[in-house]
Amino acid sequence: MKKNKICLAMILMLVVVTISNTVLAVTDTIVDTSREGSITVTTLSQKNGVLDETQPLAGVEYTLYRVDEVAGTTVTTKEQAEEYIKNAQPVETLVTNSEGIVVFDELVLGRYYVKVTDVPTGTSEVPESFLVDVPMTNDTGDGWVYDIEVFPKVKVASGEAVVTKTDGVNPMQGVEFKVQISTSVDGAWGAWSDYVVDGQVLTLTTNEEGKITLENLPITYNGEPAKFRVVETVVGEEYIMDNKYPSEIEVQPDGTVVVTDTRTNTAAPAAEVGQIEIVNEKPEVVKQVLNQEGEYADLTSASLTDTLTFKITVDVPTVIQDLETYTLTDELPAGLSNVENLQVKALVGDQNTEKELAQDTDYTKTGNFVLDFDTSKMEDYTTLVITYTAKLDMTNATLGEDGNINTATLEYTNKVNTDGEQEDTNTTQDSSKVVTGGLNIKKINSEDELLDGAKFKIATTKENAQNGVFIKGTDGQDIEVTTVGGYAQINGLEYNDDETSREYWLVETQAPTYVEEGETKSYTLLSEPQAVNVNGTSHTAEIEVENKKPITLPLTGGIGTVLFAVLGVGLIVAAKSIKKEEVKD
């Protein structure tokens, strides 16, 4: 109702308008003085000038005075009524219930003054007090209304809050929140419940700027002080939905908004619009291996004797203490073994100071490689860094481009309810790959026949090959392979980290043999190291190495001639020996 003073005629007009849609028994044009009447006041809260009949205002106190000639005076204006009631006794004082209603009944006929004597906290404009006659002429002017209904409109202080949702850097669109409310009864805040507007729980979804706006938040609800909070209900599963400490929003009597961080129990200064930023964190795990350049990367190529160093980097969210589960599992492929030199460290604070963590104190280790972290000790951690070494297991290693994939998986709590209950977990993972190559040697002769028994060693350079410096195996001895069925393989050879070929040099150390006319003879050894390329597919390709038979020197005459020649050579040698003895004597 208007703030300015109104005359009785205006009040009567308001009442007439107000009761025009009320069905009441009106039959006589003459007032029935034997009857009683009533005044029903229904107070409705008005937010920002828009009437919201679904939310009546409780807690408004009305005091009723009789101010007609029977009471000893004649009152026709509010000013006269205010002056009169200074020394008058009220008929009754009532407070609106949860439906915003008070009923003054069993009233004798006459003129009454309904005065607003108290309002709930947050009422920015006090309802107008008013004069009313019981009975009043009806809308059509042909009868009397004995039961009067009045509907004052009250403007209650309300505020606005804007929630901005980010991932720490970028706004997040499509995140869904529901609004909850708590009211204070006798100074004690009650349980939180969903805030219902027009019969529906108020649910809001962030826009492309990551924002939602809570409009028309009242200072009171059903006559009691109220505060609000937003609770996430939908966000990407990879993000942590932590509702344990939602910010609380309270509207002040002047319409400003105070936002309280319930984690720290600190309130931001009151503002016309409450600003809340909520960050959803998404932990990331990065798995890397030390490459040939001495840098950590996603991939490296290695030989069977290399010691490989792996590093796992894990983000630690700021809400880590709210999470029950923070477990890292490193899945070693069959081609990797001999895990050693495990180190688990944390980077702490703004300066990322390095701290070494202790097994069975800061974390537990189970199985081959499962680390379960104690989140209660991780408040100041920003990052976890885990390193260890391993070697290729050539019995089970995968050769070539597919490589030996090593996957680290982080399982973490991703949904925390307002009561702190852990509802769900999510996983994120990353992998590194170790590749190693090989050679498939095919030994043939000039007729393309497969040859057994050839032996080979391999060197990293031609110079090493010529000087007999060969690649060694895990036993510290030169790697040497022998053809069986015409084939031999040398595996566990590294190639370039960009997965291009690397050159090696193959040296034949034992030629295969053949039988000719009943005699076992050797093929001719390779006279020079042979260049070969190792890459992601070389272990499947055939590298042909051909051996030729040696040249046979011709001999003239029959077998007798040969025998005489051998005897002749022997006699000459004997004669020379005798002559030397004589000279000596």
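These numbers were taken from a predicted model, which means no experiment stands behind them.

Engineer: Would you mind going over the overall build of the protein with me for this structure?
Structural biologist: Tallying secondary structure elements over the protein gives four helices and 49 strands in all. Every one of the 585 residues in the protein was classed for burial, and the buried ones make up 43%.

Engineer: I'm lost on the packing of aromatic side chains in this one. Help?
Structural biologist: Working definition: an aromatic ring pair is given by the centre-to-centre distance plus the angle between the planes. Enumeration over the complete set of coordinates arrives at five aromatic pairs. Seen in terms of ring centroids, Y363 and F373 are 5.9 Å apart; in terms of plane orientation they differ by 45°. Their pairing is tilted. Taken as a pair, Y363 in strand β36 (residues 363-366) and F373 in strand β37 (residues 370-373) lie far apart in primary sequence, ten residues in all. For the pair F369 and Y388, a centre-to-centre distance of 4.9 Å together with 50° between the ring planes defines the contact as tilted. A residue pair is termed long-range when its members are at least 10 positions apart, and F369 in the loop between β36 and β37 and Y388 in strand β38 (residues 381-392) qualify at 19 residues. There is no split in this pair, since F369 and Y388 are both buried. Members of the aromatic cluster, joined through ring pairs, are F310, F369 and Y388. The ring of W189 carries the charged tip of K227 above its face, separated from the ring centre by 4.4 Å.

Engineer: Explanation requested: the sheet that holds strand β4 (residues 61-66) in the structure shown.
Structural biologist: Pairing within the open sheet is antiparallel, and its four strands lie in the order β5-β4-β7-β9. In the strand order of this sheet, the two ends are held by β5 (92-95) and β9 (130-134), each with one partner. Strand-to-strand, the axes of this sheet are offset by a mean angle of 30°, without reference to chain direction. In this sheet, strand β7 (residues 110-118) lies alongside β4 in antiparallel orientation, the contact comprising six bridges. When the sheet's bridge partners are listed, T63 is paired in β7 with K115.

Engineer: Is there a simple way to think about the pairing of strand β32 (residues 307-315) in this case?
Structural biologist: Consecutive side chains of a regular strand alternate in pointing toward one face of the sheet and then the other. In the sheet, strand β29 (residues 285-290) pairs with β32 via five bridges, with the strands oriented antiparallel. Bridging across to β32, V286 finds its partner in T313. In this structure, β32 lies alongside β38, joined through nine bridges in antiparallel fashion. Bridge pairing in β38 links T309 to T389.

Engineer: Help me out: how do you make sense of the nonpolar core in this one?
Structural biologist: Soluble globular proteins tend to bury their nonpolar side chains together. Formed by 49 residues in total, the largest nonpolar core has its most connected members in I39 and L214. Not counting the four nearest positions on each side in its chain, I39 is found in contact with L64, V102, V103, F104, L107, Y112, V114, V132, V134, I148 and V150. Within the second largest apolar cluster, 36 residues are counted, among which are L328, V344, Y381 and Y388.

Engineer: Can you help me understand the side chain of K287 in this one?
Structural biologist: For K287, the position within the fold is in strand β29. At 2.3 Å, the side chain of K287 forms a polar contact with the side chain of N406. When near neighbours in sequence (up to four residues on either side) are disregarded, K287 contacts D298, F310, K311, I312, D330, Y388, N406, A408, D430, S431 and S432.

Engineer: Explanation requested: the sheet that holds strand β21 (residues 211-218) in the structure shown.
Structural biologist: Within a beta sheet, neighbouring strands are joined by backbone hydrogen bonds and run either parallel or antiparallel to one another. Taken together, the three strands give an open sheet; going across it, the order is β21-β14-β28, and neighbouring strands pair in mixed fashion. Both edges of this open sheet fall to β21 and β28 (273-279), since each of them pairs with a single strand only. Each strand of the sheet is rotated relative to its neighbour by a mean of 20°, with strand direction disregarded. Bridge count for strand β14 (residues 158-166) against β21 is six bridges, and the pairing is antiparallel. Bridging across to β21, A161 finds its partner in L214.

Engineer: Sorry, what's going on with the environment of D133 here?
Structural biologist: With respect to the element layout, D133 can be found in strand β9. Judged by its relative accessible area of 17%, D133 falls in the buried class. Counting along the chain gives 94 residues from D133 to I39, while the straight-line C-alpha distance between them is 9.5 Å.

Engineer: Explanation requested: unusual backbone geometry in the structure shown.
Structural biologist: A negative phi angle is the norm for most residues apart from glycine, just as the trans form is the norm for most peptide bonds. Residue P135 follows V134 across a cis peptide bond; omega there is 5°. Mapping P135 onto the fold places it in the loop between β9 and β10 (136-137). A positive phi is found at E499, a non-glycine position, where the angle reads about 65°. Take E499: it is sitting in the loop between β44 (487-493) and β45 (502-510).

Engineer: When you look at the pairing of β45 in this model, what are you seeing that I'm missing?
Structural biologist: As defined by bridge partners, strand β42 (residues 455-459) adjoins β45 across five bridges and the pair is classed as antiparallel. Across the sheet, I458 pairs through a bridge with L506, a residue of β45. Pairing analysis gives five bridges linking β45 to strand β48 (residues 530-534), with the strands arranged antiparallel. Opposite Y504, over in β48, you have V532 as the bridge partner.

Engineer: Before we go on, may I ask you to explain the environment of K548 in this structure?
Structural biologist: Relative to the elements of secondary structure, K548 occurs in the loop between β49 (542-547) and α4 (559-584). Contact partners of K548, with chain neighbours within four places excluded, come to S446, Y523 and T524.

Engineer: Is there a simple way to think about the pattern of salt bridges in this case?
Structural biologist: Any two side chains of opposite charge can pair, given that their charged atoms come close. Inspection of the entire model under this criterion finds 21 salt bridges. For D68, the salt bridge is made with R66, and the minimal N-O distance between the two is 3.2 Å. With relative accessibility at 22%, the residue R66 sits in the partly exposed group. With a closest N to O distance of 3.1 Å, K548 and E546 form a salt bridge.

Engineer: I keep staring at a negative patch on the surface and nothing clicks. Help me out?
Structural biologist: A grouping of E36, E92, D105 and E106 is seen on the molecular surface, where their side chains present a negatively charged patch. Considering the arrangement of structural elements, one finds E36 in the loop between α1 (8-19) and β1 (37-42).

Engineer: Just checking my understanding: could you explain the environment of T183 for this structure?
Structural biologist: Inspection of the secondary structure assignment puts T183 in strand β15 (residues 176-185). Residues T183 and P225, spaced 42 residues apart in sequence, show a C-alpha to C-alpha distance of 5.5 Å.

Engineer: Quick question: what am I supposed to make of the side chain of S184 here?
Structural biologist: Considering the arrangement of structural elements, one finds S184 in strand β15. The residues contacting S184, other than those within four sequence positions of it, are W189, E224 and P225.

Cut-offs and rules
- Residues numbered from 1 in each chain as written.
- Predicted model: local features only at pLDDT ≥ 70, side-chain atom pairs only at ≥ 80, totals over all residues.
- Heavy atoms only, no water.
- Helix = DSSP H or I, 4+ residues; strand = E, 2+ residues; numbered from the N terminus.
- Buried < 20%, exposed > 50% of the residue type's maximum accessible area, 1.4 Å probe, protein only.
- Phe/Tyr/Trp six-rings, centres within 6.5 Å; stacked < 30°, edge-to-face > 60°.
- Lys NZ or Arg CZ within 6 Å of the ring centre and 35° of its normal.
- Pairing = 2+ DSSP bridges.
- Axes fitted to C-alpha atoms, helices over the stretch in contact; angles between N-to-C directions.
- Core = buried A, V, L, I, M, F, W, Y, C linked by side-chain atoms within 4.5 Å.
- Contact = heavy atoms within 4.5 Å.
- Polar contact = N/O pair within 3.5 Å; in protein donor to acceptor, adjacent residues only side chain to side chain.
- Salt bridge = Lys/Arg side-chain N within 4 Å of Asp/Glu carboxyl O.
- Patch = residues over 30% accessible without salt bridge, like charges linked within 9 Å, V, L, I, M, F, W, Y side chains within 5 Å.
- Areas by Shrake-Rupley, 256 points an atom, 1.4 Å probe, with all protein chains shown as cover.
- Lys, Arg positive; Asp, Glu negative; His and termini not counted.
- Charge placed at Lys NZ, Arg CZ, Asp CG, Glu CD.

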